[in-house]
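Commentary on secondary and tertiary structure
So you can see what is in the structure, the chains are spelled out below.
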Amino acid sequence: MNNYPRYDVEAVKTAVSVPDALERYGDLHKRRGNRCPCPIHGGKDNNLSFRNDSFHCFVCGAGGDVITLVEKIFNLSFPDAVRKLAEDFGIAPGVDPEAIRRRQLAAEARKRRAEREKDDFRHLATFYHQVQDLPSTPFRDNCVRTLAATIDEIIQRGDASSYPVDEIISTMRQGLQRERHIRTPVHSAQTSPPPFHERT
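The sections below set out a description of the structure shown in this document. (Residues numbered from 1 in each chain as written. Predicted model: local features only at pLDDT ≥ 70, side-chain atom pairs only at ≥ 80, totals over all residues. Heavy atoms only, no water.)

1. Quick look at the overall build of the protein
Scanning the protein from terminus to terminus reveals 7 helices and 4 strands. In the protein, the order of α-helices and β-strands from amino to carboxyl end is α-α-β-β-β-β-α-α-α-α-α. Burial statistics for the protein: of 200 residues in total, 34% are counted as buried. A sequence separation of at least 24 residues applies to 50% of the contacts in the protein between residues at least 6 apart. (Helix = DSSP H or I, 4+ residues; strand = E, 2+ residues; numbered from the N terminus. Buried < 20%, exposed > 50% of the residue type's maximum accessible area, 1.4 Å probe, protein only. Contact = heavy atoms within 4.5 Å.)

Structure follows, in C-alpha cells:
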C-alpha cells in the first residue's frame, strides 16, 4: 500500500466520476436517468443507481465509490483498482495542496446538498400525506397523483436535486386554499376547518 499514497487515491476519485467509469467499463446506452445495467453481475435491466461519486445495484447489492466499482468489475485489489483508473484516465501522481483543499470543499458541499435533498424529500412526503387526508376534489385528487408520481421518480432516480420541492408545495397549497375558499359558504366560515397550512 505504500506505493499508493492517499493523495493519489483522492486524486483518482476526484478526476474520475462513477459515470465516467461506467461509460468506459460498462454500458450507458440503456441508461434511464441515473440508472443503468450493472456491469458487475452483467445485468440487462437498469438496476444500478449511480451518482457522480457513488453507485448501488439493487440486484447484486454492490455499492460504493468509483474505486469499489472497478474492484468489483475486474476483481481487483484496492491498489490495483486505483492504478487501473489512474492509467486508463491518464492521471499522474503528485501532491497538489490546492486540489486537496478543493476536494475538501467539494466534499462539504456534497454533504450539505445530500442533507438538503433528504429534507426536501421528507417535506414532500409529509405534504403528500397531508393532501391525502383532505376531502376528495378534482384539484386535490390531481395533487395526490402528481405528488405520488414525483415521489416515485425521486426514489427511482435516487436524486431530489432537480425537483423544485418548495415551489411544488407552495403552488399546490395555494390552489388547495383557493379551491377550499370557493367551495366554503360564507355563513359557515366560522365553523370551517383551519386553512390548509395550519393543518397538522
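2. Here's the deal with the nonpolar core
Of all hydrophobic cores here, the largest spans 25 residues; its most connected members are Leu22, Leu48, Phe50 and Leu85. Among the secondary structure elements, those contributing two or more residues to this core are helix 1 (6-15), helix 2 (18-25), strand 2 (48-50), strand 3 (55-57), helix 3 (66-74) and helix 4 (78-88). Ranked by residues supplied to this core, first place goes to helix 3 with 5 residues. When residues no more than four places from it in sequence are discounted, the contact partners of Leu48 are Leu22, Asn34, Arg35, Cys36, Pro37, Cys38, Pro39, Phe55, His56 and Cys57. Listed in part, the 17 residues of the second largest apolar core include Val165, Ile169, Met172 and Leu176. (Core = buried A, V, L, I, M, F, W, Y, C linked by side-chain atoms within 4.5 Å.)

3. Topic: the sheet that holds strand 1 (residues 35-36)
Spatially, the 4 strands line up as an open sheet ordered 1-2-3-4, and their pairing is antiparallel. The sheet is open, and its two edges are formed by strand 1 and strand 4 (63-64), each paired on a single side. Pairing of strand 2 with strand 3 involves 3 bridges; the strand directions are antiparallel. Paired with Leu48 across the strands is Cys57, a residue of strand 3. Strands in contact with helix 2 are strand 1, strand 2 and strand 3; relative to strand 2, the strand with the most contacts, it is inclined by about 140°. (Pairing = 2+ DSSP bridges. Axes fitted to C-alpha atoms, helices over the stretch in contact; angles between N-to-C directions.)

4. Things to note about the pattern of salt bridges
Under the defined criterion, the tally for this structure stands at 8 salt bridges. Here Asp141 and Arg140 are joined by a salt bridge, their closest N and O atoms 2.7 Å apart. (Salt bridge = Lys/Arg side-chain N within 4 Å of Asp/Glu carboxyl O.)

5. Remarks on helix 2
Those residues of helix 2 that fall on the buried side of the exposure criterion are Val18, Pro19, Ala21, Leu22 and Tyr25. Burial along helix 2 is one-sided: seen end-on, the buried residues are contained in an arc of 160°. In this structure, the buried residues of helix 2 make contact with strand 1, strand 2, strand 3, helix 3 and helix 4. (Arc of directions from axis to C-beta.)

6. Some words on the environment of Leu28
Along the chain, the position of Leu28 falls in the loop between helix 2 and strand 1. The sequence separation of Leu28 and Cys38 amounts to 10 residues, and the corresponding C-alpha distance is 9.7 Å. If we ignore the near neighbours within four places in the chain, the residues touching Leu28 are Pro19, Leu22, Glu23, Cys36 and Phe50.

7. A short note on helix 3
Those residues of helix 3 not exposed but buried are Val66, Ile67, Thr68, Leu69, Val70 and Ile73. Where helix 3 begins, the side chain of Asp65 points an oxygen toward the backbone nitrogen of Ile67, at a separation of 3.1 Å. Where helix 3 ends, the next residue or the one after it, Asn75, has phi of about 55°, a positive value. (Polar contact = N/O pair within 3.5 Å; in protein donor to acceptor, adjacent residues only side chain to side chain.)

8. Considering the environment of Cys38
Checked against the element boundaries, Cys38 lands in the loop between strand 1 and strand 2. Separated by 10 residues in sequence, Cys38 and Leu48 place their C-alpha atoms 5.2 Å apart. With near-sequence residues (within four places) excluded, Cys38 lies in contact with Gly43, Asp45, Leu48, Cys57 and Cys60.

9. Notes on the environment of Phe89
By the element assignment, Phe89 lies in the loop between helix 4 and helix 5 (97-132). Residues Phe89 and Val16, 73 residues apart in the sequence, show an inter-C-alpha distance of 7.5 Å. Setting aside its immediate chain neighbours within four residues, Phe89 contacts Val16, Asp20, Ala21, Arg24 and Tyr25.

10. Digging into the packing of helix 2 against helix 3
Closest axis-to-axis distance for the helix 2/helix 3 pair is 9 Å, and the angle between their directions is 20°. Judged on the interaxial angle alone, helix 3 and helix 2 are roughly parallel. Considering only the axes of helix 2 and helix 3, their crossing is right-handed. Judged by residue contacts, Val18, Ala21, Leu22 and Tyr25 of helix 2 engage Val66, Leu69, Val70, Ile73 and Phe74 from helix 3. When grouped by side-chain class, the residues that make up the contact of helix 2 with helix 3 number 9 nonpolar, no polar and no charged. (Parallel < 35°, antiparallel > 145°, perpendicular 65-115°, else oblique. Left-handed = near helix turned anticlockwise from the far one by under 90°. Nonpolar A, V, L, I, M, F, W, Y, C, P; charged D, E, K, R; others polar.)

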